[in-house]
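In case you want the letters, here they are:
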Amino acid sequence: MALAINKERSGADMESELAIQATQIVGERFAQLRSALESAGLPTADVELSGRTFFEFTLDGLTVGWGGFEAYGADGLLRSLVVEPVYRSKGVGASMLRLIERIAACNGIDQLHLLTTNASGFFEAFGYHMQPRGCEPIVISRTEQFRGLCPGSASYMCKTLSGSLLPTKSGQLTDDPLE
Ligand SMILES: CC(C)(COP(=O)(O)OP(=O)(O)OC[C@H]1O[C@@H](n2cnc3c(N)ncnc32)[C@H](O)[C@@H]1OP(=O)(O)O)[C@@H](O)C(=O)NCCC(=O)NCCS
């Protein structure tokens, strides 16, 4: 499955536009995902279990990052967001995050949950709120990440996805509330 959003706008700089493309990871590409996650110190043990969807993000044909989610009905676990080091601090992570949110919303997810050890400021900038550990829905508490893959000190954050992230009647994905 190849999902492309043209002119995906960076949350860091709405004036700049990044044509980020997301391609769902299958087969051999899991090796590259694992390698990227290991380099960033993120968990890899469960990436090929069922219920997970991961994407490779490209910009002008070059791999710029990785990320995905686990779906549990209306709740989703956002995970494994990593930008290749040379592309960091250019708005790539923001574009990837917005794209994952749109794809998650299209998959029926209303609320995204996550754990992070060192990027809470990044997620806060995009509407994620810190919550006490233990407040997460049961389905989220049962995920491998909450049960032990992520350190107990990791911060729990969540965000309710707005209706404007859903596709329009024309089938286009947009965050423009007027469309
Ligand atoms: C966190 C990460 C995905 C951000 O990607 P990025 O492409 O560097 O982020 P962007 O350039 O889109 O930054 C957008 C904003 O978030 C801020 N930001 C980026 N990383 C941050 C962090 N770790 N903590 C706080 N703020 C951060 C940027 O300063 C920028 O703010 P600005 O607009 O005021 O300048 C990237 O640094 C990364 O891959 N880190 C390693 C893996 C990781 O920690 N992933 C998150 C856990 S799942």
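Up top is the structure these notes are about.
Reading guide: rules and limits
- Residues numbered from 1 in each chain as written.
- Predicted model: local features only at pLDDT ≥ 70, side-chain atom pairs only at ≥ 80, totals over all residues.
- Heavy atoms only, no water.
- Pairing = 2+ DSSP bridges.
- Helix = DSSP H or I, 4+ residues; strand = E, 2+ residues; numbered from the N terminus.
- Phe/Tyr/Trp six-rings, centres within 6.5 Å; stacked < 30°, edge-to-face > 60°.
- Buried < 20%, exposed > 50% of the residue type's maximum accessible area, 1.4 Å probe, protein only.
- Core = buried A, V, L, I, M, F, W, Y, C linked by side-chain atoms within 4.5 Å.

Asks: For this particular structure, what's the right way to read the pairing of strand β6 (residues 62–72)?
Replies: One ladder, built from eight bridges, connects strand β5 (residues 52–59) with β6; its direction is antiparallel. Opposite Phe57, over in β6, you have Gly65 as the bridge partner. The turn linking β5 back onto β6 is made up of two residues, and Asp60 within it adopts a positive phi angle of 55°. As paired elements, β6 and strand β7 (residues 75–83) share seven bridges and run antiparallel to each other. Paired with Ala71 across the two strands is Gly76, which belongs to β7. Between the antiparallel neighbours β6 and β7 lie two residues, among them Gly73 with a positive phi of about 65°.

Asks: Which parts of the structure should I look at to understand the packing of aromatic side chains?
Replies: Note on aromatic pairs: each is described by the distance of the centres and the angle between the planes. Going through the model one piece at a time under the given rule, you end up with seven aromatic pairs. With centroids separated by 6.4 Å and ring planes inclined at 85°, the aromatic side chains of Phe30 and Phe54 adopt a geometry described as edge-to-face. Taken together, the residues Phe30 in helix α1 (residues 29–39) and Phe54 in strand β5 connect sequence positions 24 residues apart. Judged by its relative accessible area of 13%, Phe30 falls in the buried class. Owing to a relative accessible area of 1%, Phe54 belongs among the buried residues under this scheme. Seen in terms of ring centroids, Phe122 and Phe123 are 5.1 Å apart; in terms of plane orientation they differ by 75°. Their pairing is edge-to-face. Residue classification places Phe123 among the buried positions, given a relative accessible area of 7%.

Asks: Looking at this structure, how should I read the nonpolar core?
Replies: Most often, soluble globular proteins keep nonpolar side chains buried together rather than apart. With 28 residues, the main nonpolar core has Ile20, Phe57, Leu78, Phe123 and Tyr128 as its most contacted residues. Mapped onto this core, the elements with two or more residues apiece are β4 (20–24), β5, β6, β7, α2 (92–106) and β8 (111–116). Of the residues forming this core, the biggest block, nine residues, is contributed by α2. Ranked by size, the runner-up nonpolar core spans nine residues in total, among them Ile25, Leu37, Val47 and Val82.

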